[in-house]
Each structure stands twice: as structure tokens, then as C-alpha cells.
Amino acid sequence: MSTPSDSFHVRAGEYIVNLILRGLIRLMGLLPYRWRVPVMGWLTSRIVAPLAGYSRRVRENLAHVCPDLPADEVRRLTRAVPDNIGRGMIEMYSTRAFTARARHSPVGGPGMDAVRAAKAEGRPLIFVTGHFGGFNAARVAMVEQGIELGGFYRPLKNRYFNVHYSQAMTALSQPMFEQGRRGMIQMTRHLRAGGTLAILTDLNAHWGVPLNFFGAPALTSLVTAELALKFDAPLVPVWGIRRENGLDFDIHVEAPIPHSDPVTMTQEFNDRLEAQVRAHMDQWFWIHRRWKDGTGLMADRGAERIAAMLGDD
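In this report, we go over the structure that sits alongside the text. (Residues numbered from 1 in each chain as written. Predicted model: local features only at pLDDT ≥ 70, side-chain atom pairs only at ≥ 80, totals over all residues. Heavy atoms only, no water.)

A look at the packing of helix α5 (residues 95–102) against helix α7 (residues 135–144)
Just so we agree on the cut-off: A fitted line through C-alpha atoms represents every axis, and for helices the fit uses only the stretch in contact; the resulting angles, taken between N-to-C directions, go from 0 to 180 degrees. The helix count covers DSSP runs of H or I at least four residues long, the strand count covers runs of E at least two residues long, and both are numbered beginning at the N terminus. Roughly parallel means an angle under 35 degrees; roughly antiparallel means over 145; roughly perpendicular covers 65 to 115; every other angle is labelled oblique. Helix crossings fall into two classes, left-handed where the near helix is turned counterclockwise from the far one by less than a right angle and right-handed where it is turned clockwise. It only takes one pair of heavy atoms within 4.5 Å for two residues to be counted as in contact. Three categories are distinguished: nonpolar for Ala, Val, Leu, Ile, Met, Phe, Trp, Tyr, Cys and Pro, charged for Asp, Glu, Lys and Arg, and polar for the others, with Gly belonging to the last.
The contact between α5 and α7 brings their axes to 9 Å, and the two run at 70°. Between α5 and α7, the angle falls in the class roughly perpendicular. Between α5 and α7 the crossing geometry is right-handed. Each of F98, T99 and A102 in α5 lies in contact with α7, whose residues at this interface are N136, A137, V140 and A141. Residues of the contact of α5 with α7, tallied by class, amount to five nonpolar, two polar and no charged.

Structural data, given as C-alpha cells:
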């Protein structure tokens, strides 16, 4: 994340980008919700994504892990992925309207019995998901189910945009814990007290371990699985799957990932996320540099950590 010592040029650039995005969000807020969401998706897909390089990144990621994908499908995803991202952003900034709609999302799946049992017993619970579909809809739906849901998030690089971004996330459910030493301490206290947490575990983690995702090594944080083991918390994958109308969601709660060791558990999460992405290719954030550090020195360090954890020579 940016620091106060950054140059004036860096800070000015962040401030200008923040003003542009805030202005766009406020402009969209003037539209009725049922138009606001698709219009923001269209603008993100047709204007923001090409200018910001997101369209190129979608193509590069698909070429890296899905080289046999037909050209027509690649072109479709180049537009559809940023569209989903734009919709998700304006949904988060439309707290009242989004919550009123998402709270009625149908919730089901084989993991709900384990979720209800954990809460009835006062045990900590960890939902794990990714930047897929409407992950914020899953948060809202769980709150509607009577589950007070905390969240752990990585702050944005743009310090100015991050201020209101974090406020918008907090408005959906609380408490929110920012990545860092202070946030980690607060989060562990929350779990120790029997709280429920939601974590997104699909970003490139610089000091993670290289686990398989779409057939290629991707540095992945083990923290979520480590927390589940430390606090004996069920680790439950949950997905907010966007419907074809682009406005509503189905919330699917999978069976908990069996407790074993952090590497095995995290790899199973990667496998489950991949299955969901393959079923809904346009709903994952293909703009992430997910495989950026999956090879080379960082992967070598990750492999050393795996060997140490597993007791290999």
C-alpha cells in the first residue's frame, strides 16, 4: 500500500484517480438501482477496462491457463469479466438498495447444516471465498440468516480511494479487519470469542506457497487454513453466483473443507474455486495477476516452506 513518504507525483496521481472514480460513482447513484448496476457494468467493460489495461490482462491470464479457449469465448470474457466487476463495485456503493435486494437471495447447499451447528455451539466459523460472482451478496445473505459476519480485506493501493472503499464494505457487515498486524490481532480476538469471519483467498500472495490453480502454480496464502486449524473452526466455501438477469444471486454453501494441514486444505479450496470458475467463467476477476509470482525465486521459497511444513528433507 502507498505510504506518506511517496512522492507528490504519486500522491497526486492517486488523488486524481480517486476523484474520477468518486465522480463516476456519484453520477451512477443518480440512476434507479435497476439501471445503475447494468450501466456501471457497461461503462467498466467498454471504457474503463480498455483504458486501464484490464482487457489485456484478461486475455493474458486466459492465454496462460486456458490456451485452447476459442477466440470468440476470449472476446466475450474480455467484455463480460469487467462488466461483472463494474456491477460489483456499484453494488457495494449502493448499500441500501443492494442490501434490500441481496438479503432475499436464496441460500442453500450441503454446508448449511455445519454452519448452523457451529453457531448453535458457539464455535468460531470461517467462510472462505474468492473474487467471484457477487461475494458481497453472500455476506449480506449470511447476515440475513442471523450470522454476524466479520471480514478480512487487503487495503487498496490508492490511499484516497481506500478510505471510502473500506467504509462502503463496513456498511454491508461488521466488523471489518484490514490486512496488517493490527487487523490480524483484532481478527484473532474475534475468532477466539466464537465469531464468524469471511476471507477472500484468491489473490497473488507474495510470501504464500505455489499451489495449483487452473493447472499452473499460483502463490497462495495459507493463513485462512491456519486460522481454521488454530481455532478449530469449520472452513466453509461460499459462493454468491450472479443470475442471468445480472441483478440477483444464488448463495451456495459447500460442505466444510476437512481439517488436515494448511497446504492440503488450501489446495482443496483452490480446486473448489476452480470448479466454480469453470462453470461461470465470466464471474471471476480475471484481471488479477494471479499467477505473477508462481514460478522462479518466489516459487522456490514457497516450495521450501511446504517442505518444512511437511517434514521433507
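With respect to the environment of N61
Note the threshold: Throughout this description, a polar contact denotes any pair of N or O atoms lying within 3.5 Å of each other; where both atoms belong to protein, one of them has to be capable of donating a hydrogen while the other can accept it, and for residues adjacent in sequence the pair is counted only when both atoms sit in side chains.
Structurally, N61 is set in helix α3 (residues 54–65). Between the C-alpha atom of N61 and that of R290, which follows or precedes it by 229 residues, the distance is 8.1 Å. If we skip the residues at most four places from it in the chain, N61 touches C66, W286, I287, H288 and W291. For N61, the side chain forms a polar contact with the main-chain oxygen of H288, separated by 2.7 Å.

Observations regarding the packing of aromatic side chains
Two aromatic rings are characterised by how far apart their centres lie and by the angle between their planes. Worth spelling out the cut-off: Pairs were defined over the aromatic rings of Phe, Tyr and Trp, the Trp ring being its six-membered one, requiring ring centres within 6.5 Å. Orientation was assigned from the angle between planes: stacked under 30 degrees, edge-to-face over 60, tilted for the rest. Exposure classes here rest on a 1.4 Å probe applied to the protein chains alone. A residue is buried below 20% of its type maximum, exposed above 50%, and partly exposed in between.
Under the definition given, this model contains eleven aromatic pairs. Between W284 and W286, the ring centres sit 4.9 Å apart and the planes meet at 85°, which makes this aromatic pair edge-to-face. Taking 6.1 Å as the distance between ring centres and 25° as the angle between the ring planes, the aromatic pair formed by W286 and W291 counts as stacked. The class for W286 is buried, based on a relative accessible area of 0%.

So, the pattern of salt bridges
To keep things clear, this is the line we draw: Only one rule defines a salt bridge in this text: a Lys or Arg side-chain nitrogen within 4 Å of an Asp or Glu carboxyl oxygen.
By the definition in use, this model includes 14 salt bridges. Measuring nitrogen to oxygen at the nearest pair gives 3.6 Å for the salt bridge that ties E60 to R56. Here R56 and E60 lie together in helix α3, a separation of four residues that amounts to about one turn. Relative accessible area serves as the criterion here: at 45%, R56 is assigned to the partly exposed category. Between E91 and R242 there is a salt bridge, with the nearest N and O atoms lying 2.8 Å from each other. Of this pair, E91 sits in helix α4 (residues 71–92) while R242 sits in strand β8 (residues 235–242), and the two are 151 residues apart along the sequence. Of the two residues, E91 and R242, neither departs from the other in class, the shared state being buried. Each of E73, R76 and D282 takes part in salt bridges that share partners, so that together they form one network.

A look at α4
Residues spaced three or four apart along an α-helix point in a common direction, a consequence of the helix completing one turn every 3.6 residues. Condition: Between the first and last residue of a helix there are one fewer steps than residues, each counted as 1.5 Å, and that sum is the expected span. To get the bend at a given residue, fit one axis to the seven residues ending there, fit another to the seven starting there, and take the angle between those axes.
Taking 1.5 Å of rise per residue, 22 residues should cover 32 Å, and α4 covers 32 Å from first to last C-alpha, within 8% of that figure. Of all the bends in α4, the greatest, near 25°, is centred on L77.

Notes on helix α1 (residues 8–28)
Applied cut-off: Directions pointing from the helix axis toward each C-beta atom define the arc.
Here α1 contains 21 residues, and its C-alpha end-to-end distance of 30 Å stays within 8% of the 30 Å for a straight helix at 1.5 Å per residue. Residues E14, N18, L24, I25 and M28 constitute the buried set of α1. Buried residues in α1, looked at end-on, bunch into an arc of 130°, giving them a common side. With respect to the buried face of α1, the exposed residues turned more than 90 degrees away are F8, H9, I16, I20 and R26.

Considerations on the environment of R87
Following the sequence through the fold, R87 ends up in helix α4. What makes R87 buried here is its relative accessible area of 13%. For the pair formed by R87 and S45, sequence separation is 42 residues and the distance between their alpha carbons is 9.9 Å. Apart from the residues lying within four places of it in its own chain, the contact partners of R87 are V37, P38, G41, R242, N245 and G246.

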